[in-house]
Each structure stands twice: as structure tokens, then as C-alpha cells.
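# Structural characterization, general
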Amino acid sequence: MTVTAMVDRQVLDPAALYRLMAWLSPSFPVGAFSHSHGLEWAVETGDVVDAASLEAWVGQILRFGAGRQDAILFAATWRAMIAGDRRRLDEIAELAAALSPSKERAVETLSQGKAFVLATEAAWPAAGAPSPDGDLAYPVAVGIAAGRHGIPLDASLVAYLHAFAANIVSAGVRLIPLGQTDGQKVTAALEPVVAEVAAEAETATLEDLGGCVFFADIASMRHETQYTRLFRT
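All figures in this text were calculated on a predicted structure; none of them were measured in a lab. (Residues numbered from 1 in each chain as written. Predicted model: local features only at pLDDT ≥ 70, side-chain atom pairs only at ≥ 80, totals over all residues. Heavy atoms only, no water.)

## Quick notes on the packing of aromatic side chains
This is how it is decided: Centre distance within 6.5 Å is the pairing criterion for rings of Phe, Tyr and Trp, where only the six-membered ring of Trp is used; planes under 30 degrees apart are then read as stacked, over 60 as edge-to-face, and the remainder as tilted. Each helix is a run of DSSP H or I of at least 4 residues and each strand a run of E of at least 2, with the numbering of both proceeding from the N terminus. Burial classification: accessible surface area is computed with a 1.4 Å probe over protein chains only, and a residue below 20% of its type maximum counts as buried, one above 50% as exposed, and the rest as partly exposed.
Within this structure, the stated rule accounts for 9 aromatic pairs. Between F116 and Y138, the aromatic rings sit 6.0 Å apart at their centres with planes inclined by 75°, giving edge-to-face as the arrangement. Taken as a pair, F116 in helix 7 (residues 103-123) and Y138 in helix 8 (residues 138-148) lie far apart in primary sequence, 22 residues in all. Take Y138: its relative accessible area is 11%, and that puts it in the buried class.

Have a look at this one:
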């Protein structure tokens, strides 16, 4: 077993767990609550109207859209960070920034990435390969922090994808609207999907990137000109 693989699967110690819980908490100051990932438009058009349709919407994004893309970029970033490969980090950061399918998605990932870097470097400074220059996509920013702090990849991916899904579910609770219990039922139902996507991303490469949730991408574009809206994306 390689050194990287050993770090992938090492026991998650309490300090690592604490940091993941803090960084990916809804209260962490990245502004995640202000983004719906295009869901606001889907609710207005009547495509997402209840817990079942919300679960389907988020599940598809996790399996075939930004959830899967983010997880692969996160894993690639983490590995480059563990290896101390600055050139690879620069390549991944550039690719991640270019992959956003709409202006709103670019704003969503880059604004959260920038805020995440500022908060973690102020509160949890750590040694490691330097971050790439410029604003970073959110999965790249979190992947750098997880690698720099030596947090295992498997746990980091699950925590990241849980936060990704839970934020969209939270937006759905407010938009549809749903009760809080229904929102938690949706989050619980997505647990195996998160585990599946995280496991795939652990062994995926950048050549495996690719998405096919075109309706969600169109939703984010339509949201740009939506007449009234609560969310930035």
C-alpha cells in the first residue's frame, strides 16, 4: 500500500473530525446559504414541488452533475497537496474555474472558495504546499485545506458532499416550502448517494470528469434573469 493510500484510509482523529465539522458547517462564513444551485428556478417552474422531487433533483446533481465533478476535483487537489505538487495544483485550480457551466455557477464556486480560504487561513493556519494564485473554486479550496491538515480523503469527501447536498436541501425547505422534518428525510435518503459518489471520486482521475444534468445547468442560467429571487444562484 502506498503512503498516499495509507493517508486515504487512516483513522479520523478527533481534531480532524472537529475541523471537517467546522469547515463544512452551515455557519462557516462562506455564504453557502445564499445559493440554491439553480433550484429556485426549478421551484418556480413547478419541476420541484415536494420532498420526492427535491430528493430526485439533488440526487441527480450528486451522481451526474456538480456533486460528482466537485468530488473528483477535490480528490485530485487533495492528492496534489499531499504530494506537494504545486504545478499540479495550479493545473487543477485552472481547470476547476473553467468548468462552471454558467456565470452564476462560477460566482457560486469562486465566491465560496475565496471566503473559505480567507477563513481557514486566519483560523487554522497550517504548513504545506502554497495555494495557487487567484480565486479558487470551492472544492479546490477545501481539498487544499484537507490535504494540508492531513485529513483522510474518504472522510473529507463524504463531509464535503454532505454539506453540498444539505445546502441545496435547505434551500428547498425554504423555497417549496417543506417542513424541517421532510428536509431531514431528504438528507437521510441521500446518504447512500453521497457514499457512492465519494467512493467513486477516491479512485477517479481528471479524465473521468464530465456531467450530464443539463436541466440543472439550464436552471442556473434561467435563474440569472428570474424576476424575483431569494438566492444569488
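Resuming the write-up.
## Some remarks on the pattern of salt bridges
Put simply, the test is: In what follows, salt bridge is the name for a side-chain nitrogen of Lys or Arg lying within 4 Å of a carboxyl oxygen of Asp or Glu.
Scanning the model with the defined rule gives 7 salt bridges in all. A salt bridge links R88 to E91; the shortest N-O distance between them is 3.5 Å. In this pair, R88 and E91 are both assigned in helix 6 (residues 86-98), 3 residues apart and thus about one turn of the helix distant. For R88, a relative accessible area of 31% corresponds to the partly exposed category. Taking the shortest distance from any N to any O, the salt bridge between E104 and R229 comes out at 2.6 Å. Taken together, the positions of E104 in helix 7 and R229 in the segment after helix 12 (214-223) put the pair 125 residues apart, joining distant regions of the chain. The exposure class assigned to E104 is buried, which follows from its relative accessible area of 6%.

## Some points on the confidence of the model for the protein
Test applied: Scored between 0 and 100, pLDDT is the confidence that the predictor attaches to each residue. Here, residues are in contact when the closest pair of their heavy atoms is within 4.5 Å.
With 94% of its residues at a pLDDT of 70 or more, the protein shows a mean pLDDT of 91. For residues 1-7, every residue scores under 50 in pLDDT, and the model assigns this stretch 8 contacts once sequence neighbours within four places are set aside.

## A few points about the nonpolar core
Threshold: Definition used in this section: a nonpolar core is a set of buried Ala, Val, Leu, Ile, Met, Phe, Trp, Tyr and Cys residues joined via side-chain atoms within 4.5 Å.
Counting residues in hydrophobic clusters, the biggest one holds 75 residues, and the most contacted among them are L24, L39, L54, W57, V58, L62 and F116. For this core, the leading source of residues is helix 9 (residues 153-175), giving 14 residues. Apart from residues no more than four positions distant in its own chain, L62 is found in contact with G67, R68, L161, F164, A165, L190, V193, V194 and V197.

## Some words on the packing of helix 5 (residues 66-83) against helix 9
To be explicit about the condition: The axes used here are C-alpha line fits, helices contributing only the stretch in contact, and every angle between their N-to-C directions lies in the interval 0 to 180 degrees. Left-handed describes a crossing whose near helix is turned anticlockwise from the far helix through less than a right angle; right-handed describes the clockwise counterpart.
Remark: helix 5 packs on helix 9, axes separated minimally by 10 Å, with the N-to-C direction vectors making an angle of 150°. Both helix 5 and helix 9 take part in a crossing whose hand is right-handed. Here helix 5 contributes A66, G67, D70, A71, F74, A75, W78 and R79 to the contact with helix 9, which in turn contributes L153, S156, L157, Y160, L161 and F164.

## Topic: helix 11 (residues 191-203)
Every buried residue belonging to helix 11 is among V193, V194, V197, A198, A201 and E202, and all of these are buried. Elements that come into contact with the buried residues of helix 11 comprise helix 4 (51-64), helix 5 and helix 9.

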